[in-house]
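Each chain is listed here by its residues.
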Amino acid sequence: MAVQQQTGKRAHWGSKMGFILAAAGSAVGLGNIWKFPYVTGENGGGLFVIICVACVFLVGIPIMAAEILIGRRGQGSPITAYENLRGNKSLWKLLGWVGVVAGFIILSYYVVVAGWTLDYLFKAITGAFWAVETDQIPPMFDTLYASAFWNVLWMVVFMAFTIGVVIGGVQAGIERWNGVLMPGLFLMLIGLLIYATTLDGFGEAMRFVFYPDLSRFKGTSSVLAAVGQAFFSLSLGMGAMLTYGSYLKKDSDILRSAAIISVLDIIVALMAACILFPVIFTFGFEPSAGPGLVFKTLPVIFAQLPGGQLVAIVFFLLLIFAAVTSSVSLLEVVGSTVMERLGWGRRPAVLASGLVIAIFGLLSALSGSTLSGVKLLGDRSIFDSFDFLAAELMLPLGGIGIAVFAGWVLQKKETKDEFDQGSKSPQLFPFWRVLVQFVAPAAVALVFVQTILSLFSGSDVVH
Ligand code: TRP
């Protein structure tokens, strides 16, 4: 197996900016624009947002830097990287395996949600929301979810596009597409934000999102939800940042990159909240509507807004851009693993990975229709079970593993050496190391224990 010797010819990002955009593209996704606003709504706004930001700084940035560091030091996709660092027989390889399996599972349902955004863009373009009475708009989502045909079709279309990008390779595929889609995403966000400031509900929304109101706060479950949200949103815990880090040149500053990527991720999440809540408050909807916020509530509002069709098209396009750059990073983890472990070329490896994941994704795509009677974990549908298993069990577990590996298993000298290469602030090393050794793993362990407990008590952690 050509595992150890690929160091010299390993692909690299073309520029530092290329890496930042690609990694930010991985982080910024449905987690920011679809999930963050509705989880914020469910958890009462203000204080929850502040805790999320704190989580990003105390847990997110340190672990992201750890992942990038492991990838750049280990020169490989997850399994190979741990093997390169601690040998063939090391049990740490298992951490790589957990990551690849988590990536496989996440991508298999992520493409289904991404498929819904395609369907909604299509509806916005064809004017479907304007052709019916507004009370018929929310049920459109239930109809879509219950349609085997449309779920599978859109999933396949989205997966085909993801495969197309990843097959292009690190520079000509991933970096190039992110270089177009990410600036496009920012432009659209800014446009929508300006639009949102003109709405009557803008002031009330700002107060909801930024003012810490203790009376609306839900306590411990919200703290845990914030850690979980930070993890998923920053693409941490399964080796996506590790794999992207393995393509990073030695002259890049790891901690600084992790900080920039994470701050971009928060900014986008906050912008999404500042776009959605003004719309919601202006039209008197409930901020705590849950996962249906984007697909059920928003189109009702778009249908009544002046110029709503254009806003709707831009909004769903935005979601699609965000979803593509994230799904690409998930497929790259699985695809590059197949390349390295089986010695395959990029094209067959990515094509085969994408196909197998799409076939597996049929389970999620059909979980609202053909397979709607099937319940897996607890009382969860197939779709919810995969989300729970990967995002709430495997990612935190992987995150703890990554922190422990970077903080305790790698020698301090080894870590310091890698950290310092390209670093403009080597004096931050001890500070970062304390966060990775103690603060981050402890905080994540807390979430993990809580998640396990909720499995037994049968109640759900708020996410
Ligand atoms: N971060 C992305 C989002 O917010 C999703 C994602 C991409 C992800 N790659 C990941 C989540 C790796 C966890 C692990 O939508």
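In what follows, the accompanying structure is described. (Residues numbered from 1 in each chain as written. Predicted model: local features only at pLDDT ≥ 70, side-chain atom pairs only at ≥ 80, totals over all residues. Heavy atoms only, no water.)

This paragraph deals with the site of the ligand. For the ligand, the set of nearby residues contains 16 residues, the closest of which are Ala-27, Gly-31, Tyr-110, Phe-232 and Ser-235. Between the ligand and Leu-30 there is a distance of 3.1 Å, counted from an oxygen atom to a backbone nitrogen or oxygen. Between the ligand and Ser-235 there is a distance of 3.0 Å, counted from a nitrogen atom to a side-chain nitrogen or oxygen. In isolation the ligand has 360 Å² of accessible area, and contact with the protein removes 100% of it. At a threshold of 2 Å from the grid points, most atoms of the ligand map onto the largest cavity. (Near = heavy atom within 4 Å. Polar contact = N/O pair within 3.5 Å; in protein donor to acceptor, adjacent residues only side chain to side chain. Areas by Shrake-Rupley, 256 points an atom, 1.4 Å probe, with all protein chains shown as cover. 1 Å grid on protein atoms, 1.4 Å probe; cavity = no way out; pocket = protein on both sides within 12 Å on 5 of 7 lines; lining within 4 Å. Sits in = over half its atoms within 2 Å of the grid points.)

Inspection of every chain in the model, using the stated rule, returns six cavities of 30 Å³ or more. Counted as a void, the largest cavity has a volume near 160 Å³. If you trace the largest cavity, you find 18 residues lining it, with Ser-26, Ile-106, Phe-232, Ser-235 and Leu-330 closest to the centre. Counting only elements with at least two residues in the lining of the largest cavity, the list comes to helix H1 (16–27), helix H2 (30–42), helix H5 (93–126), helix H10 (220–233) and helix H14 (308–342). (Points joined across faces, edges and corners; volume = space filled by probe spheres on them. Helix = DSSP H or I, 4+ residues; strand = E, 2+ residues; numbered from the N terminus.)

Before going further, it helps to spend a moment on the packing of aromatic side chains. This model, assessed by the stated rule, comprises 34 aromatic pairs. Seen in terms of ring centroids, Phe-122 and Trp-154 are 5.7 Å apart; in terms of plane orientation they differ by 55°. Their pairing is tilted. Note that Phe-122 is positioned in helix H5 and Trp-154 in helix H7 (residues 148–167), a separation of 32 residues in sequence. Both rings, one in Phe-149 and one in Trp-150, keep their centres 5.1 Å apart while their planes meet at 80°; by these two values the pair is edge-to-face. (Phe/Tyr/Trp six-rings, centres within 6.5 Å; stacked < 30°, edge-to-face > 60°.)

Turning next to the environment of Lys-9. Mapping Lys-9 onto the fold places it in the segment before H1. For Lys-9, a relative accessible area of 70% gives the class exposed. Sequence separation between Lys-9 and Gln-411 is 402 residues, and the spatial gap between their C-alpha atoms is 27 Å. (Buried < 20%, exposed > 50% of the residue type's maximum accessible area, 1.4 Å probe, protein only.)

What follows concerns the packing of helix H3 (residues 46–74) against helix H16 (residues 382–409). How two helices sit against one another is set out by the angle between their axes and by the gap between those axes. Orientation of H3 relative to H16, taken along the N-to-C sense of each, is 65°, at an axis distance of 9 Å. It follows that H3 is roughly perpendicular to H16 by the angle criterion. Two packed elements cross with a definite hand, and for H3 against H16 that hand is left-handed. Two secondary-structure elements touch here, H3 through Ile-63, Ala-66, Glu-67 and Ile-70 and H16 through Gly-399, Ile-402, Ala-403, Phe-405 and Ala-406. When its residues are assigned to classes, the contact of H3 with H16 shows seven nonpolar, one polar and one charged. (Axes fitted to C-alpha atoms, helices over the stretch in contact; angles between N-to-C directions. Parallel < 35°, antiparallel > 145°, perpendicular 65-115°, else oblique. Left-handed = near helix turned anticlockwise from the far one by under 90°. Contact = heavy atoms within 4.5 Å. Nonpolar A, V, L, I, M, F, W, Y, C, P; charged D, E, K, R; others polar.)

Buried within helix H17 (residues 412–420) are the following residues: Glu-414, Thr-415, Glu-418 and Phe-419. For H17, the buried positions fall inside an angular range of 130° around the axis, keeping them on one side. Exposed residues pointing more than 90 degrees away from the buried face of H17 are listed as Lys-412 and Lys-413. In this structure, the buried side of H17 is in contact with H3, helix H4 (78–86), helix H12 (254–282), H16 and helix H18 (429–457). Following H17 by one or two positions, Gly-422 adopts a phi angle in the positive range, close to 85°. (Arc of directions from axis to C-beta.)

The next point concerns the nonpolar core. Membership of the largest hydrophobic core comes to 164 residues, with the highest contact counts inside it found for Phe-315 and Phe-316. With 18 residues, the single largest contributor to this core is H12. (Core = buried A, V, L, I, M, F, W, Y, C linked by side-chain atoms within 4.5 Å.)

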